[in-house]
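Survey of secondary and tertiary structure
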Amino acid sequence: MAASKRLCASNANIPDYEYSDVNTKPFHIGSFREEWLKRLKLKDYSFQQEGDGDAFDANFAREMGVGAEIMAELKSVCSLDSLRCYPENQEPDADVVPPDSTLKTLQQRKEKQDYKATLKVTKNRHDLYADELERSTVSRNPEAVTDFIPEGEVILTLNVYYPATFEKFLYVRPHMTLLVTGSHRLTDLRDAICCVSDLQACGELSNNPDVAPDFISKDHFKSAFFFFEGVFYNDMRFPECQDISLTIIEWAKARNFPDYRQAKMEDTRFVDLTVKVGFPYLYCHQGDCEHLVIITDVRLAHKDDCLDKELYPLLIHKHRILTQKCAVCHIFIGRWFTTNDHFAPSDPCVFCDKCFRMLHYDAAGNKLGDFQAYPYVDRGAFN
Ligand SMILES: [Zn+2]
Ligand SMILES: [Zn+2]
């Protein structure tokens, strides 16, 4: 322990706590990776199974100090084929536990199976989807060899939080948890963050609710930045993008704050970053939609990871939010909100498409009364 502390003190590339159990001091991710690779042997982080088949047996026999003959005998005695709770001529059914087994493991499994059968709750579609996502990515290898994550690559775990626009969002778990590799760019993360404020359609449409909005906010307002350790990483991929960090930088300069720098999101890979693990950073888009981003882990990839580079940034957790239902039917998710609306019980008020039209337009589609109506995308619509 003392030795490792000394090591950390002398090497800024190895993360050390700044606040115990909260966050580390800043370190450069690429250099941290190099430190690992310097110390580990290839076999420690290789994706190949160590000593497949014969090589493994020979190694095992040598370590146990037994000869080849005993090794062969051990293998046959301990093989799965000789482990059975059915008569030899009967084909075993892995799902059926024999009722009179003397094996403790089977007895416990039977108890668990019986208990499960008494439960009435079945998994909802969200849990099924989450399970399916996990099944399809764990230990997954890509089809094309070029899509393999290289051995010794770093994987970062990132939590992205809801913008703190409502007090209750201050207390929820991360909105999404994503894995990215060191060679991914910050723009890959940006594109993977699904936030409802990117999807809002703009405009007051009460006079012609059938006109589809021309664009959603993501098409129109493309500027965004990440803020890590004093550097604003701006998305400048499109001609419409602006450096929206400039206002903050100038504001800070006028008030003698330490200098902030700018860089391009699309030119920065995660291995290029200097960050603190566990420290809250910022993702800002649509002008003022601000999400905290916390890096919770930086590690080397191992063979049980999803090894298909194309599937990253890989979503491993998504928080579900209650949807806001229509104020009239309380069944369907809100699609419109109105203001200055004397038909509505509140101001603003959310309606589903059907109730909105029934309440605000006559059979010929003429607007009844004076109100403003805006298309509304619910936060929970993309659960
Ligand atoms: Zn947002
Ligand atoms: Zn309704």
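Residues numbered from 1 in each chain as written. Chains lettered and ligands numbered in written order. Predicted model: local features only at pLDDT ≥ 70, side-chain atom pairs only at ≥ 80, totals over all residues.

For the chain, the name recorded in an unreviewed UniProt entry is snRNA-activating protein complex subunit 3, with Salarias fasciatus as its organism. Listed in UniProt under the heading Function (unreviewed entry), the comment for the chain reads: "Part of the SNAPc complex required for the transcription of both RNA polymerase II and III small-nuclear RNA genes. Binds to the proximal sequence element (PSE), a non-TATA-box basal promoter element common to these 2 types of genes. Recruits TBP and BRF2 to the U6 snRNA TATA box." Looking at the chain in UniProt, the text filed under Subunit (unreviewed entry) is "Part of the SNAPc complex composed of 5 subunits: SNAPC1, SNAPC2, SNAPC3, SNAPC4 and SNAPC5. SNAPC3 interacts with SNAPC1." (UniProt positions renumbered as here; feature names shortened; annotations may be inferred.)

With that out of the way, let us pick up the domain arrangement of the chain. Note: interface size is frequently given as the accessible area lost on complex formation between the parts. Domain annotation for the chain reports domain 1 (49-83), domain 2 (147-318) and domain 3 (336-382). Put simply, the middle of domain 1 and the middle of domain 3, counted by C-alpha atoms, are 72 Å apart. (Domains from an automatic or database assignment.)

Counting buried residues in strand β5 (residues 176-181) gives five out of six residues, a clear majority hidden from the surface. Pairing of strand β4 (residues 154-160) with β5, which is carried by six bridges, proceeds in the antiparallel orientation. When the bridges of β5 are listed, T157 appears paired with L179. Where β5 and strand β12 (residues 314-318) come together, four bridges link them in antiparallel fashion. Counted as the bridge partner of L178 is L315 from β12. (Buried ≥ 20, exposed ≤ 12 C-beta atoms within 10 Å, placed from the backbone. Helix = DSSP H or I, 4+ residues; strand = E, 2+ residues; numbered from the N terminus. Pairing = 2+ DSSP bridges.)

So, on to the nonpolar core. Counting residues in hydrophobic clusters, the biggest one holds 38 residues, and the most contacted among them are I29, L156, L158, V180 and F226. With five residues, β4 is the largest single contributor of residues to this core. Other than its neighbours up to four places away in sequence, I29 contacts V154, G182, F270, V271, L273, V275 and V298. Counting residues in hydrophobic clusters, the runner-up holds 12 residues, among them A327, W336, F351 and F356. (Core = buried A, V, L, I, M, F, W, Y, C linked by C-beta atoms within 7 Å. Contact = placed C-beta atoms within 7 Å.)

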